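As a plain string of letters, each chain reads:
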Amino acid sequence: MSQAVDEIKIGGLGASRRRVEDNRFIRGKGNYTDDIVLPGMLHMEILRSPLAHARIKSIDASKAWDIPGVHLVLTGDMMATRNLAWMPTLSYDTQAVLATDKVRFQGQEVACVIADDPYIAKDACEAIVVDYEPLPVIVSPMQAVAEGAPVIRDDKENQPDNVIYDWEVGDRDGTERAFAAADVVSKLELHYPRSHPSPIECCGSIADFNRATSKLTVYMTTQAPHIIRAAVAMVAELPEHMIRIVSPDIGGGFGNKVPIYPGYVCSILASILLERPVKWIEDKSGNLISTGFARDVYLKGEMALRKDGKILAVRMHTDADHGAFFSDAQPSKFKIGLMHSAFAAYDIPVAHLTARGTYSNKAPGGVAYRCSFRVTEAMFFQERMVQAAADDLGIDQAQIRAMNFVRDDQFPHRTPFGFLTDSGQYGKCLDVALKAIDYENFRREQAEARSRGRLLGLGISTMTEPLGAGNSREYDILGIKMFDSADLKVHMTGKAILRTGAKTQGQGHETTWAQIVAHELGIPAEDVVVEEGDTDTAPFGMGTYASRSTPVAGAAVAMVSRKIRAKARKLAAHLLEVSEEDIEWELGRFYVRSAPGRGVTIQECAIAAYSNMPDGMEPGLENTAYYDPPNLTWPFAVYIVTVEVDPQTGVWDVLKLVAVDDCGVRINPMIVEGQIMGGLTEAYAMSNMQFITFDAEGNCVGANYMDYLLPTAWETPGFELHSEVVTPCPHHPIGAKGIGECAAVGGPAAFVNAVMDALSGTGVRNIDMPLLPDRVWEAITYHRDVSGAPPVRSDD
Ligand code: MCN
Ligand code: CUM
């Protein structure tokens, strides 16, 4: 009879274990960057540019220096004497730390004041006089490439215009041939508006340089501490072993905390100069106006179709507005992120994508926001395009998807843009979703409602997302290969500490990683403490974004647990006085194959590792694993939304939403559901209410929560989640795929498709997000498309 421990009872794989981190969060005992107070600490505030594009004629900071309590005023010229006026970005561009020659977006960092408290520092910022000479402003890719456009990046050699890159992928000629043979060609143009991750906690850092030890410690809000350590070593020319980056609790990242921001660099330099700890905590406006914008992409596409709905080829062009500096992170091979993951779920023979990135006088944009490098835009375009094609052909929306999906028996499948997808049950997910929404019935109700003047609509969105960069053959950031790591130390009493190179920001790693250890070793999850984010103790890793933690660091956790088990097996053989070959494993216990009653627990092995190891064996029970995944993981999802649109006001309400997510094996089903609900909420916000736009002078409109709306529980609809489809990842040690972003990626198209479906027959082909009531009303009333970012009203 098995004496294995009960996996669910010990909080192993598949247990909806309560989140251990919530114990401190809901008691108000989290430890965020702003909670840290160091002896002698000073405070830094940033002076930002009021203009979007202007030459700096002079900066007079003398009045600021005179204010009592001010210790230091940093300007671009002072940064320049240390070669720190500019810094490299994660995309091989440069970014101004503090402006010297020009300001290039509204909100750009111009000067910093370090003072006894943040209020003095803020007052002193206002005492700095900057003489600006305004320059013509560019706020769109179209303006950026227009004849005679001012060159924004005149600081760069070999930059005669505003184009950052022209990139292409796929088979141009093959695509052309397929289009020539098509029965029908469908076309669609879209704008995916600028959005902002807006986590509750803004960005910030506390730099603490100790002259006596030469050690620089930086507590900061970063999703990738080790990358920051390397960057600081290179940019500030400090020895890497003398730099310690600590990411304490993070109040939401969502991609906002991946890039390197000027505020971090300034606080570091200030601490080195003043030899005191310097704290910088960004305010909400600073966060919303200057950091981490996402999307802002114009998408244009064509689909070659056979009359029966078979997709023959796709052609796509994207124009991406990156703002003044190309500073988003993405694997260096791919200029427009993983935009070419579009159509990966469909069996399409050929495709071709061209992408152009341009500078504008906006804050740096293009940062991934809950999106594995532009996959959000890719999947949005894909699902809007498929719907447009179905409408053009008069084919059912569900049917066109089902008939073009990659079939279960076609894996591994090479996508037309070169990715290798390896598993999934796309048709089954769609069937589950259609059944849950009661598709046929809804279509009947819809027709009936239509006859009475009511507009109902149903939108389908499907997505497969490439999660878990890398493998290191193809994925690197600034040449650093994308892998990850885990370090596990089992103490003599069988309790353990696990550290990884990832960095949780609310996703629940402290809970879920312990579950993987429990699954592999039978040590109860509550006996495993998980720590992330301190570069002095955590093994090197690339951090948490692109939902890569489970695919990469999570795999490393399984692999390091297996290394520990292999050593424990030797200890068990020694304790049981048999040879290793005669030992069997069941969860939590080794036993003698011929006498299953004779066994030792993993905890007994742990004690032996410190007190009774065989001759010649290294003491201790600890190890480290670095994991370089063989492929990305490819979760799949179907989201179906039904809506009712009020033709009189353009207001639309969600009637029902069903979500079928297949992210392989779920470590913690409750956490996975939380991730999906969070993503769907963001998807709803983007489709319904959120946008940040700019007027012709480059003023950022929407950099406050009066204009940039975050949905609360009040307006967010309910979601019905389905978890019955599970396709384990074939190469992940526990079969898991990433999930953190799926719903935010796939969700928006479901909402938009639903509203467009409600409007079918009115001649309206597209309304760009957000589908604000006035835009929907305009489309219904004037029978026309409503495109582009919402305009700024002149009376505002
Ligand atoms: N998980 C699981 N089973 C799976 C897959 C994941 O139980 N098959 C669990 C994981 O163990 C982890 C969570 O779900 O606890 C998310 O895992 P994963 O999909 O690996 O994503 P990451 O941990 O890498 O998180 C990153 C992802 C990204 S990129 C953004 S953006 C985002 C998101 O997570 N930011 C978030 N979700 C967020 N959730 C919160 N609360 N806060 C953020 O800032
Ligand atoms: Cu893509 S936003 Mo997340 O990668 O941190």
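See the structure printed just above.
An account of the sheet that holds strand β27 (residues 589-592) is requested, with residue identities and associated values reported.
Spatial strand order, β26-β27-β28: three strands in an open sheet with antiparallel pairing. What marks the edges here is a single partner per strand, and that holds for β26 (583-586) and β28 (595-601). Strand-to-strand twist of the sheet, defined as the mean angle between neighbouring strand axes without regard to direction, takes the value 35°. As paired elements, β27 and β28 share four bridges and run antiparallel to each other. Within the sheet, the bridge partner assigned to phenylalanine 590 lies in β28 and is valine 600. Across the face of the sheet, helix α16 (residues 602-611) comes into contact with β26, β27 and β28 while running at roughly 55° to β28.

Describe the site of ligand 2, listing the residues and the values that go with them.
In the vicinity of ligand 2, the residues found are Gln223, Phe254, Gly255, Ala368, Tyr369, Arg370, Cys371, Tyr545, Ala546 and Glu741. Between ligand 2 and glutamine 223 there is a distance of 2.8 Å, counted from an oxygen atom to a side-chain nitrogen or oxygen. At a separation of 2.4 Å, an oxygen atom of ligand 2 approaches a polar backbone atom of alanine 546. Here the residues of the shell around ligand 2 are counted per class, giving six nonpolar, two polar and two charged.

Kindly report on the sheet that holds strand β13 (residues 243-246), identifying the contributing residues and their values.
Spatially, the seven strands line up as an open sheet ordered β3-β7-β1-β14-β11-β12-β13, and their pairing is mixed. Each edge of the sheet is formed by a strand with only one pairing partner; in this case those strands are β3 (70-75) and β13. Here the average twist between neighbouring strands, direction ignored, is 20°. Where strand β11 (residues 204-210) meets strand β14 (residues 278-281), four bridges bridge the pair, whose relative direction is antiparallel. Residue pairing for β14: serine 205 is matched across the bridge by tryptophan 280. With respect to the sheet, helix α7 (residues 225-235) is in contact with β12 (215-220) and β13, its orientation differing from that of β13 by roughly 145°. Its contacts with the sheet place helix α8 (residues 262-274) against β1 (42-48), β3, β7 (109-115), β11, β12 and β14, and it is angled at close to 25° to β11.

So what about the pairing of strand β16 (residues 311-321)? Which residues, and what values?
Across the 11 residues that make up β16, a large majority, 10, are buried. Pairing analysis gives nine bridges linking strand β15 (residues 297-305) to β16, with the strands arranged antiparallel. Bridge pairing in β16 places glutamate 302 opposite arginine 315. Linking β15 back to β16 in an antiparallel pair, the connection comprises five residues, with glycine 309 at a positive phi of about 105°. Taken together, the nine bridges between β16 and strand β17 (residues 350-358) define a ladder with parallel strand orientation. When the sheet's bridge partners are listed, aspartate 321 is paired in β17 with threonine 358.

Explain the pairing of β15 to me, and be specific about the residues and the numbers.
Pairing of strand β10 (residues 184-192) with β15 involves nine bridges; the strand directions are antiparallel. What sits directly across from tyrosine 192, in β15, is valine 297.

Lay out the site of ligand 1 with the relevant residues and their values.
Around ligand 1, the surrounding shell holds 34 residues, and the nearest of these are Gly253, His509, Ser549, Thr550 and Gln675. Here a nitrogen atom of ligand 1 and a backbone polar atom of glycine 506 are 3.1 Å apart. Contacts to ligand 1 include cysteine 663, whose backbone N or O atom sits 3.4 Å from a nitrogen atom. Contact with the protein chains covers 96% of the free accessible surface of ligand 1, which is 830 Å². When the residues that make up the shell around ligand 1 are grouped by side-chain class, the tally is 12 nonpolar, 17 polar and five charged.

Requested: an account of unusual backbone geometry, with residues and values cited.
Most of the time, phi is negative for any residue but glycine, and the peptide bond is trans. Proline 412 follows phenylalanine 411 through a cis peptide bond whose omega is -5°. Turning to its location among the elements, proline 412 is positioned in the loop between α11 (397-404) and β18 (413-414). Positive phi, normally seen in glycine, also occurs at asparagine 83, with a value near 65°. Checked against the element boundaries, asparagine 83 lands in the loop between α3 (76-81) and β4 (86-88). Among the residues examined, asparagine 83 registers a relative accessible area of 62% and is labelled exposed. Unlike most non-glycine residues, histidine 783 shows phi in positive territory, near 50°.

Explain the nonpolar core to me, using residue names and the numbers behind them.
Leu74, Met79, Phe343, Tyr545, Val645, Trp652 and Leu759 are the most contacted members of the largest nonpolar core, which totals 171 residues. Residues in contact with valine 645, not counting those within four places in the same chain, are Leu455, Val651, Trp652, Val755, Ala758, Leu759, Val776 and Ile780. In terms of nonpolar packing, the next biggest core, distinct from the first, is built from 49 residues, Leu488, Leu587, Met617 and Ile734 among them.

Describe the pattern of salt bridges, and please don't skip the residues or the numbers.
A full pass over the atoms with the stated rule returns 50 salt bridges. Residue glutamate 302 is joined to arginine 315 by a salt bridge in which the shortest nitrogen-to-oxygen separation is 3.1 Å. Within this pair, whereas glutamate 302 is found in strand β15, its partner arginine 315 is found in strand β16, the two being separated by 13 residues in sequence. The partner of glutamate 520 in a salt bridge is arginine 562, with the nearest N and O atoms 3.0 Å apart. Residue glutamate 520 is found in helix α14 (residues 509-521), and its partner arginine 562 is found in helix α15 (residues 549-576); the two are separated by 42 residues along the sequence. On the basis of relative accessible area, glutamate 520 is assigned to the buried category, the value being 3%. Look at arginine 562 and you get partly exposed, because its relative accessible area is 29%. What you see here is one network of salt bridges that share partners, running through Arg55, Asp93, Asp101, Lys102, Arg104, Arg153, Asp154, Asp155 and Lys156.

I'd like a description of the packing of helix α17 (residues 669-688) against helix α18 (residues 742-758), backed by residues and values.
Viewed as axis vectors pointing N to C, α17 and α18 meet at an angle of 45°, and their least axial separation amounts to 7 Å. Compared by their axis directions, α17 and α18 come out oblique. Two packed elements cross with a definite hand, and for α17 against α18 that hand is right-handed. Facing Ile676, Gly679, Leu680, Glu682, Ala683, Tyr684, Met686 and Ser687 of α17, the residues of α18 in contact are Ala743, Ala744, Gly747, Pro748, Phe751 and Val752. Among the residues making up the contact of α17 with α18, the classes are represented as 10 nonpolar, three polar and one charged.

Reading the values: rules and limits
- Residues numbered from 1 in each chain as written.
- Chains lettered and ligands numbered in written order.
- Predicted model: local features only at pLDDT ≥ 70, side-chain atom pairs only at ≥ 80, totals over all residues.
- Heavy atoms only, no water.
- Pairing = 2+ DSSP bridges.
- Helix = DSSP H or I, 4+ residues; strand = E, 2+ residues; numbered from the N terminus.
- Axes fitted to C-alpha atoms, helices over the stretch in contact; angles between N-to-C directions.
- Contact = heavy atoms within 4.5 Å.
- Near = heavy atom within 4 Å.
- Polar contact = N/O pair within 3.5 Å; in protein donor to acceptor, adjacent residues only side chain to side chain.
- Nonpolar A, V, L, I, M, F, W, Y, C, P; charged D, E, K, R; others polar.
- Buried < 20%, exposed > 50% of the residue type's maximum accessible area, 1.4 Å probe, protein only.
- Areas by Shrake-Rupley, 256 points an atom, 1.4 Å probe, with all protein chains shown as cover.
- Core = buried A, V, L, I, M, F, W, Y, C linked by side-chain atoms within 4.5 Å.
- Salt bridge = Lys/Arg side-chain N within 4 Å of Asp/Glu carboxyl O.
- Parallel < 35°, antiparallel > 145°, perpendicular 65-115°, else oblique.
- Left-handed = near helix turned anticlockwise from the far one by under 90°.

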